[in-house]
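So the chains spell out like this:
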Amino acid sequence: MNYFSLNKTAPNTTFKDAVIKGLAPDRGLYFPETITPLPESFFKNIDNLSHSEIAFEAIKQFVSPEIPEADLKKIVEDTLSFDFPIVELNKNISFLELFHGPTMAFKDVGARFMARCLSHFSKDDAKQDVTVLVATSGDTGGAVAHGFLGVEGVKVVILYPSGKVSDIQEKQLTTLKKNITALEVDGTFDDCQDMVKQAFLDAELTDHMKLTSANSINVARWLPQLFYFMFAYKALHKKHDNLVFSIPSGNFGNVCAGMMAQQLGLPIKHYIASNNENNVVTRYLESENYDVKPSVQTISNAMDVGNPSNFVRIQEIYKNDFSLLKENLSSYSFTDEETKVAMKEIYNDYSYVADPHGAVGYLGAKNYVASHPEVHCVCLETAHPTKFLDVVGEVIPENIALPAQILAVMDKKKKSIKVSTYTELKQYLLNR
């Protein structure tokens, strides 16, 4: 499989090079040259397949021939070493829990898959370490840090906005040490993301080191997220004919991956992008005007993204056809107060504790189901509620037991390096 830049002025490249480069030289995101739908028999027989078998068949075309099938099967099995349970709230709405991995966030899947791909490639080229440079609005940092911890030939530098991630999220990305370094940025997630993108285009850096990203701009972080849409379909398709997904959306990698599953033949006809007050896509679908604004801080901080990187991939999937996009995607935006009300409603009506991001997904599902009562909507619950104890504890009158993954970092000492400008980031990278 070869990949092309969505800015259309960089040379096409292989999966391996796309993973290692992260971003194309013309600042474009990489996208696969072709997408071959899986045979109908795959979906007819999906009940007989394990999660690993489903994931292997789904991802195989995107990584061949750089990763041999035997190695890919091992990578997939290692990536999917935890469960993806579904909790049905009522006849119209379910939660797909994506927080049973090591950092209790959906990003564990992509981070673990990418780390294992880079580890595979580093065996072929041990001459120079790869530096993974990643921006996080919350959960990406912890997932990447844990996924790459101790991986030979890979160093990880994580940029996160100071004071704008939860205490648990900060502990998960600042306490691991070894090959992981956390840079605390005086700014927003968009500032962090802009620094990362600028670094990839800085010849002084790229001539000096192998630099890649583990944000969802990287194809190896983004594509594996299509797995759990297929897992949900396997679990629910016999009981519910008309499945749709409501996805809490920030950088739009997750909803875009769901749409890639659709391109592979997954019989899902609609997706709902559920936004907090960072709602550029909600406004775009209403007006056809893509008006980027600086991100604002909310209680669902992993979605505090003012300029979603992956939306350009969604436009590519639907060939920049606005009408076709609207057939496949709805979007709603909700305030913090609406989110808190939803958390209370979910708890009181269904005895279920949702994190703020899952609550936004639930609100999107409710809005869509109100006008489409024939569907069953699967909400992605993207993080464990104890990662947001300050918010959840204020809303839910219950002491939630802390999972082992959270207890393991609670008492560890934070270690971060403060930076304010791209110049400071560049100097750090050149001197390390």
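The model shown is predicted, which means the values in this text are computed figures rather than measured ones.

Student: Account for the sheet that holds strand β4 (residues 86–88), naming residues and giving values.
Tutor: Read across the open sheet, the six strands follow the order β4-β5-β13-β10-β11-β12; overall the sheet is mixed. Each edge of the open sheet is held by one strand with a lone partner, namely β4 and β12 (329–333). Strand after strand, the sheet turns through a mean of 25° between neighbouring axes, direction not considered. The sheet strands contacting helix α13 (residues 280–287) are β11 (271–275) and β12, and the helix crosses β12 at an angle near 120°.

Student: Report on the pattern of salt bridges, specifying residues and quantitative values.
Tutor: Taken as a whole and assessed by the stated rule, the structure comprises 14 salt bridges. Between Glu 170 and Lys 414 there is a salt bridge, and its shortest N-O distance comes to 3.0 Å. One end of the pair, Glu 170, is in helix α7 (residues 167–174); the other, Lys 414, is in the loop between α19 (404–410) and β14 (417–419), with 244 residues separating them in the sequence. We classify Lys 414 as partly exposed; its relative accessible area is 35%.

Student: A description of the environment of His 372 should follow, citing residues and the corresponding values.
Tutor: Take His 372: it is sitting in the loop between α17 (356–371) and β13 (376–381). Given a relative accessible area of 25%, His 372 falls into the partly exposed group. C-alpha separation for the pair His 372 and Asn 92, spaced 280 residues apart in sequence, amounts to 9.7 Å.

Student: Please provide a residue-by-residue account of helix α6 (residues 139–148), values included.
Tutor: It helps to recall that an α-helix has 3.6 residues per turn; residues three or four apart then point in one direction. Counting buried positions over the 10 residues of α6 gives nine, a clear majority of the element. All of the buried residues in α6 are Asp 139, Thr 140, Gly 141, Gly 142, Ala 143, Val 144, Ala 145, Gly 147 and Phe 148. Where the residues of α6 are buried, they touch α5 (107–122), β6 (130–135), β7 (154–161), α7, β8 (180–185) and α10 (219–222). The first or second residue beyond α6 is Gly 150, which carries a positive phi of 75°.

Student: Residues and numbers for the packing of aromatic side chains, please.
Tutor: Applying the stated criterion across every chain yields a total of 21 aromatic pairs. Here Phe 43 and Tyr 233 contribute two aromatic rings whose centre-to-centre distance is 6.5 Å and whose plane-to-plane angle is 85°, an arrangement assigned as edge-to-face. Of this pair, Phe 43 sits in helix α2 (residues 40–44) while Tyr 233 is found in helix α11 (residues 227–236), placing the two residues 190 residues apart along the sequence. By the burial criterion, Phe 43 is buried, and Tyr 233 matches it. What links up through ring pairs into an aromatic cluster is the set Phe 82, Phe 84, Tyr 228, Phe 229, Phe 231, Phe 245 and Tyr 271. Directly above the aromatic system of Phe 56 lies the positively charged group of Lys 73, at a separation of 5.1 Å from the ring centroid. Arg 313 extends its terminal NZ or CZ atom over the ring of Trp 222, reaching a point 4.2 Å from the ring centre.

Student: Which residues make up α7, and what values do they have?
Tutor: By the criterion of burial, α7 is predominantly enclosed, with six of the eight residues buried. Among all positions of α7, only Ile 168, Gln 169, Glu 170, Gln 172, Leu 173 and Thr 174 are buried. If you follow the buried residues of α7, they end up packed against α6, β7, β8 and α19.

Student: Talk me through the UniProt feature "domain: Threonine synthase N-terminal" (unreviewed entry) in the protein chain; I want residue IDs and the actual numbers.
Tutor: When the UniProt feature table is mapped onto this chain numbering, "domain: Threonine synthase N-terminal" (unreviewed entry) sits at residues 2–79. What you have in residues 2–79 is 46% helix and 12% strand, and the ends, taken at the C-alpha atoms, are 23 Å apart.

Student: Got a sec to walk through the side chain of Thr 174? Specific residues and values, please.
Tutor: Tracing the chain through its elements places Thr 174 in helix α7. Of the polar contacts made by the side chain of Thr 174, one reaches the backbone oxygen of Glu 170; its length is 2.7 Å.

Student: Break down a positive patch on the surface for me, citing the residues and quoting the values.
Tutor: On the surface, Lys 177, Lys 412, Lys 413 and Lys 415 cluster together into a positively charged patch. Tracing the backbone shows Lys 177 in the loop between α7 and β8.

Student: I'd like a rundown of the sheet that holds β6, residues and numbers included.
Tutor: Taken in spatial order, the five strands line up as β9-β6-β7-β8-β14 in an open sheet, and their pairing is parallel. The open sheet has two free edges, formed respectively by β9 (210–212) and β14, since each of these has just one partner strand. Strand after strand, the sheet turns through a mean of 25° between neighbouring axes, direction not considered. Note that β6 and β9 share three bridges and pair parallel. Bridging across to β9, Val 130 finds its partner in Lys 210.

Student: Describe the nonpolar core, listing the residues and the values that go with them.
Tutor: Grouped together as the largest cluster of nonpolar side chains are 124 residues, with contacts concentrated most on Phe 15, Phe 148, Leu 159, Leu 226, Tyr 228, Met 230 and Leu 329. Residues in contact with Phe 148, not counting those within four places in the same chain, are Ala 111, Met 114, Ala 115, Leu 118, Val 132, Val 154, Val 156, Asn 179, Ile 180 and Ala 214.

Student: Please set out the packing of helix α4 (residues 69–79) against α5 residue by residue, giving values where relevant.
Tutor: It is the contact of α4 with α5, at a shortest axis distance of 9 Å, that shows an interaxial angle of 145°. Between α4 and α5 lies a crossing whose hand is right-handed. Every residue of α5 that contacts α4 at Asp 71, Leu 72, Ile 75, Val 76, Asp 78 and Thr 79 is listed here: Val 109, Arg 112, Phe 113, Arg 116, Cys 117 and His 120. A class-by-class count of the residues in the contact of α4 with α5 yields six nonpolar, two polar and four charged.

Reading the values: rules and limits
- Residues numbered from 1 in each chain as written.
- Predicted model: local features only at pLDDT ≥ 70, side-chain atom pairs only at ≥ 80, totals over all residues.
- Heavy atoms only, no water.
- Pairing = 2+ DSSP bridges.
- Helix = DSSP H or I, 4+ residues; strand = E, 2+ residues; numbered from the N terminus.
- Axes fitted to C-alpha atoms, helices over the stretch in contact; angles between N-to-C directions.
- Contact = heavy atoms within 4.5 Å.
- Salt bridge = Lys/Arg side-chain N within 4 Å of Asp/Glu carboxyl O.
- Buried < 20%, exposed > 50% of the residue type's maximum accessible area, 1.4 Å probe, protein only.
- Phe/Tyr/Trp six-rings, centres within 6.5 Å; stacked < 30°, edge-to-face > 60°.
- Lys NZ or Arg CZ within 6 Å of the ring centre and 35° of its normal.
- UniProt positions renumbered as here; feature names shortened; annotations may be inferred.
- Polar contact = N/O pair within 3.5 Å; in protein donor to acceptor, adjacent residues only side chain to side chain.
- Patch = residues over 30% accessible without salt bridge, like charges linked within 9 Å, V, L, I, M, F, W, Y side chains within 5 Å.
- Areas by Shrake-Rupley, 256 points an atom, 1.4 Å probe, with all protein chains shown as cover.
- Lys, Arg positive; Asp, Glu negative; His and termini not counted.
- Charge placed at Lys NZ, Arg CZ, Asp CG, Glu CD.
- Core = buried A, V, L, I, M, F, W, Y, C linked by side-chain atoms within 4.5 Å.
- Left-handed = near helix turned anticlockwise from the far one by under 90°.
- Nonpolar A, V, L, I, M, F, W, Y, C, P; charged D, E, K, R; others polar.

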